[in-house]
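Residue-level listing of the chains:
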Amino acid sequence: MTIPPGPVYLARTLPVVLLPSVVAYVTFSHLSFSQTSALGWVPLVAAVLVQPLVFALNLLYASVTTWKDAKRRGAVSMPRVHDRSPGGLRTLSKYGKMVGSGFPAESFGEWFEVYGNTVMVRMLFENRIITAEPAYIKAVLATEFDNYWKGPIDYRRGISLLGTGVFNTDGDMWKFHRMMTRPFFSRDRISDFDIFDKHSNDAISIAAARLREGYPIDIQDVASRFTLDSATEFLFGKSVDSIAPGIAYPDSASHLNSSTFLNHPSNTFVNAFLEGQRLHVDRSRFGSKWPLNEFWKDIVKPHREIMDKFIEPIVQDALTEKTRGIAEDSKQEAAETLLSHLLQGTEDKEIIRDEILNMLVAGRDTTSATITFAIYMLAEHPELARRLRDEVLDKIGSSRRPTHDDIKTMPYLRAFINETLRLYPPVPVDGRASKNATTWPATTPDGRPLYVPANTKIVYSVFWMHRRTDLWGPDALEFDPDRFIDERLHKYLTPNPFIFLPFNAGPRICLGQQFAYQETSFFLIRLLQRFKAFHFAPDAQPESSKPPASWKSSPVKAKEKITFGTSLTMYAKGGLWVRMEEA
C-alpha cells in the first residue's frame, strides 16, 4: 500500500513543527498555578500561541543572519518582487495563472522589466530566485556546479513521474545514469540515418496523404510520432510504431478519427505522458508544500502507471531474450541499444523503466518541439522557407538521402535550427537549488555582488534570456537565422556563449545535443524535398489555442499565431495546424 503524499509530508514535518508546542505545554503544565482548575487552560493556550511566535522568530532570525552574512561578504540582497500578502499568496496566485496563460513564463518577463533580470519572490513563505542573467546561469550550471543540485525537494516532487532516472537525481546516482547513457550518443550512432530515414518517410507520407484528402495536418502530431518511433528504435532496438494508426483530423472532421486511432496504445501513452508532465510542473509553484495540494492522492502516479504499462512489454521482451540466452550469444549485439546495456547491469524493472522514461522525455519531446517550431517559422516566413529549400536542393537534390557530411555543409539549415531554438527553446525554464550561501558578481561596474542564501530554489529562464535585446541586439525579437552567420554572431554570441543555452551547459549538458541536431536536420531536409511551401491553417486551429486579443499590444507576443503549453518541455497548445504544397 502506497501512503498518500499529504500524510507523508506531515509525518516528515510535524515532529519539528510541533516540538515548540509540546515544550510549551509540558512547561506550563508543571507550573504551580496551572494546577488551579480555573487556570487549567493555560498550557493548551500556550501550546497554540507559541506556534506563531516561533514562526515569527524563525523568520526574523533568518532575515538577520542573511543580512549579516551578506554584509560580511560585501553583497546585497536581490530585488524582491513586491507582495504584501501573507507568505506571498498573491505571487503564488499570479504564478498559477502564468502556468495556464499560454505564454512561457509570462510573469517572469513582467518582473524582469520592473526589477531587472534577477529577482527574489516569496511563495508560501519560501524564497525563490528567478534569473535570466547568463553570468548567473553559468555559475549554476558550470563554474560553481558543485554548489547547486536538484535537491531533495525537487527529487520528492519528481519521484512519481521520473523515478530515479537521470533527470531526477544528483550525486552518484546521476553519475551512474550519465555513465550508462553516454556511449549511446557517439558520432557513429547519431550519424546512422537508417532509423531517421525509415520513420521520416512513414510520417511524411502519411502527412502527404492527409493533405491530398483536403485536410490540414497537425504537424506537431506528425513530428511527435516521428520522434517517438525514432527514439524507441534508437534506444531500445524496436519502434513502437506510433505512426501506424495515422494522424488526427481537425476538429471539423474529428468524426473521421477511427476507434483504432483513438485507442491505439501509443496515443494512450502520449496523453498520459503529457498530462503527467503538466501536473509535475504544476507542483513546482507550491514548493516543498506541494503534497498538501494532493493530500490523499498522488495525481501524477496514475499517469505514470499508464506509461509503465506501455513500457512494460519492451522491457519484458528484452528480459525474455536475455533469459533465453539470445543476448548472451553476442555481446556485441547486446550492447547496441541502451536497453540491452541496462540489462547487462541490472534486471531491476523499476530502474530500467525509470531510465527508459527519462530517455523518452529527452529523445522525443525536445526534438519534436524543435521540429514543430521550425515548421511554424517556415509557415510564418515564406521567403526564409524558400531560401532554406534552395540550400537543400543545391546541396542534396530533390530525392537523395542526406548524409552526415551533407548536413555539415549546410550553414543556413544549422542557423535556421539555432534561431528556432533561440526563440522557442524546448525547455524554456529550468531550476536548481543552492547548497551553501554564496554570491553572484555584479553585472555593472559600479554594482555590488548579489547574495544567494543557502537552500534556495533557483529558477532560470533561457526563454527570456534568449530574447534580451541587450544580449542579442535590437532585433532580438525578430526571427532571423542570419544572426548565426553574419557579424552579429561575433558581436554577441562568440564573446558570450552562455547567452544561448537550448541544451543547458556544464556537466549536465544534454548528451543528445548532436543527436537532436541530426534528427531535426534530417527531418527538415526530407520535408523540404517533398514540400515547397507551408501555410498556417487558422481555420483548423482550436479556438482555445488562439492568442487573446491583448497579445496584439505586446511587442513580445504580437506576432504569435498560437499559444504555448509547458510541461517538462514547451509545445503548441492544440497542435500546430498547417497546409503544405507538394513540390
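Keep in mind that this is a model prediction, so the values were computed, not measured.

For a regular strand, the rule is simple: side chains alternate between the two faces of the sheet. As paired elements, strand β4 (residues 217-218) and strand β12 (residues 577-582) share two bridges and run antiparallel to each other. Note that in β12 the partner of Asp218 across the bridge is Trp577. Relative to β12, strand β9 (residues 531-536) runs antiparallel, the two sharing five bridges. Following the sheet pairing, Phe534 is matched in β12 by Met580.

Over its 31 residues, helix α2 (residues 42-72) runs 43 Å from end to end, which matches the ideal 45 Å to within 8%, given 1.5 Å per residue. The largest bend along α2 reaches roughly 30° and is located at Val50, with the proline Pro52 sitting one to four residues downstream. Every buried residue belonging to α2 is among Val42, Pro43, Ala46, Ala47, Val50, Asp69 and Ala70, and all of these are buried. Where α2 is buried, its residues contact α1 (5-29) and β7 (450-452). Trailing α2 by a residue or two, Gly74 shows a phi angle of about 70°, which is positive.

If you walk through the whole model with that rule in mind, you get two cavities of 30 Å³ or more. Considered as a void within the structure, the largest cavity measures approximately 60 Å³ in volume. Around the largest cavity, the lining residues are Thr366, Thr367, Thr370, Ile417, Leu421, Pro426, Phe503, Ala516, Tyr517 and Thr520. For the lining of the largest cavity, the secondary-structure elements that each account for two or more residues are α16 (349-380), α19 (411-423) and α23 (513-530). When its residues are assigned to classes, the lining of the largest cavity shows six nonpolar, four polar and no charged. Estimated volume of the second largest cavity: approximately 30 Å³.

As for its placement among the helices and strands, Arg401 is situated in the loop between α17 (382-395) and α18 (404-408). By relative accessible area, Arg401 is classed as partly exposed at 32%. When the C-alpha atoms of Arg401 and Pro52 are compared, they prove to be 69 Å apart, with 349 residues separating the residues in sequence. Among the polar contacts made by the side chain of Arg401, one reaches the side chain of Asp194 at a distance of 2.8 Å.

Let us now look at the UniProt feature "binding site: heme" (unreviewed entry) in the protein. Taking the UniProt record as the reference, the feature "binding site: heme" (unreviewed entry) is found at Cys510. In this structure, Cys510 sits in the loop between α22 (487-493) and α23. For Cys510, a relative accessible area of 28% gives the class partly exposed.

If you walk through the whole model with that rule in mind, you get 42 salt bridges. One salt bridge connects Arg488 with Asp480, and the closest N-O pair in it is separated by 2.8 Å. Here the residues in one salt-bridge network are Glu419, Arg422, Asp475, Asp480, Arg483, Asp486 and Arg488, joined through shared partners.

Notably, Ala105 is not glycine yet its phi reads approximately 50°, a positive angle. Along the chain, the position of Ala105 falls in the loop between α3 (89-99) and α4 (106-115). Positive phi is not limited to glycine here, since Asp241 has a value of about 55°. Its place among the elements puts Asp241 in the loop between α10 (219-236) and α11 (259-262). For Asp241, a relative accessible area of 36% corresponds to the partly exposed category.

To continue, consider the sheet that holds β9. Whenever strands of a sheet pair, they do so through backbone hydrogen bonds, lying parallel or antiparallel. On the basis of which strands lie adjacent, the open sheet formed by three strands has the order β4-β12-β9 and antiparallel pairing. Each edge of the open sheet carries a strand with a single partner, namely β4 and β9. Sheet strands in contact with helix α9 (residues 194-212) are β4, β9 and β12, and its direction is about 90° off that of β12.

It is worth spelling out the pairing of strand β5 (residues 429-434) at this point. As defined by bridge partners, strand β3 (residues 148-149) adjoins β5 across two bridges and the pair is classed as antiparallel. Residue pairing across strands places Trp149 opposite Ala433, the latter belonging to β5. As paired elements, β5 and strand β8 (residues 457-461) share five bridges and run antiparallel to each other. Bridging across to β8, Ala433 finds its partner in Lys457.

Looking now at the nonpolar core. Core analysis: the biggest nonpolar cluster contains 146 residues, and Phe108, Phe269 and Trp440 have the highest contact counts within it. A total of 15 residues in this core trace back to one element, the largest contributor, which is α16. Not counting chain neighbours up to four residues away, the residues in contact with Phe269 comprise Leu228, Met307, Phe310, Ile311, Leu357 and Leu360.

On the surface, a nonpolar cluster with roughly 980 Å² of combined accessible area is contributed by Leu14, Val17, Leu18, Val22, Tyr25, Val26, Trp41, Leu44, Val45, Val48 and Leu49. The dominant element in the nonpolar patch, judged by the number of residues it contributes, is α1, at six residues. Secondary-structure assignment places Val48 in helix α2. According to the relative accessible area criterion, Val48 is exposed, its value standing at 54%.

The next point concerns the packing of aromatic side chains. One pass over the full model with this rule turns up 31 aromatic pairs. Residues Phe463 and Trp464 carry aromatic rings whose centres are separated by 5.6 Å and whose planes lie at 80° to one another, so their mutual orientation is edge-to-face. Note on accessibility: Phe463 and Trp464 belong to one class, buried. Here a set of aromatic residues connected by ring pairs shows up, and it is made of Phe103, Phe373, Tyr376, Tyr424, Phe463, Trp464, Trp551 and Phe564.

Rules used in this analysis
- Residues numbered from 1 in each chain as written.
- Predicted model: local features only at pLDDT ≥ 70, side-chain atom pairs only at ≥ 80, totals over all residues.
- Heavy atoms only, no water.
- Pairing = 2+ DSSP bridges.
- Helix = DSSP H or I, 4+ residues; strand = E, 2+ residues; numbered from the N terminus.
- Expected span 1.5 Å × (residues − 1).
- Bend = angle between axes of the 7 residues up to and from the residue.
- Buried < 20%, exposed > 50% of the residue type's maximum accessible area, 1.4 Å probe, protein only.
- Contact = heavy atoms within 4.5 Å.
- 1 Å grid on protein atoms, 1.4 Å probe; cavity = no way out; pocket = protein on both sides within 12 Å on 5 of 7 lines; lining within 4 Å.
- Points joined across faces, edges and corners; volume = space filled by probe spheres on them.
- Nonpolar A, V, L, I, M, F, W, Y, C, P; charged D, E, K, R; others polar.
- Polar contact = N/O pair within 3.5 Å; in protein donor to acceptor, adjacent residues only side chain to side chain.
- UniProt positions renumbered as here; feature names shortened; annotations may be inferred.
- Salt bridge = Lys/Arg side-chain N within 4 Å of Asp/Glu carboxyl O.
- Axes fitted to C-alpha atoms, helices over the stretch in contact; angles between N-to-C directions.
- Core = buried A, V, L, I, M, F, W, Y, C linked by side-chain atoms within 4.5 Å.
- Patch = residues over 30% accessible without salt bridge, like charges linked within 9 Å, V, L, I, M, F, W, Y side chains within 5 Å.
- Areas by Shrake-Rupley, 256 points an atom, 1.4 Å probe, with all protein chains shown as cover.
- Phe/Tyr/Trp six-rings, centres within 6.5 Å; stacked < 30°, edge-to-face > 60°.

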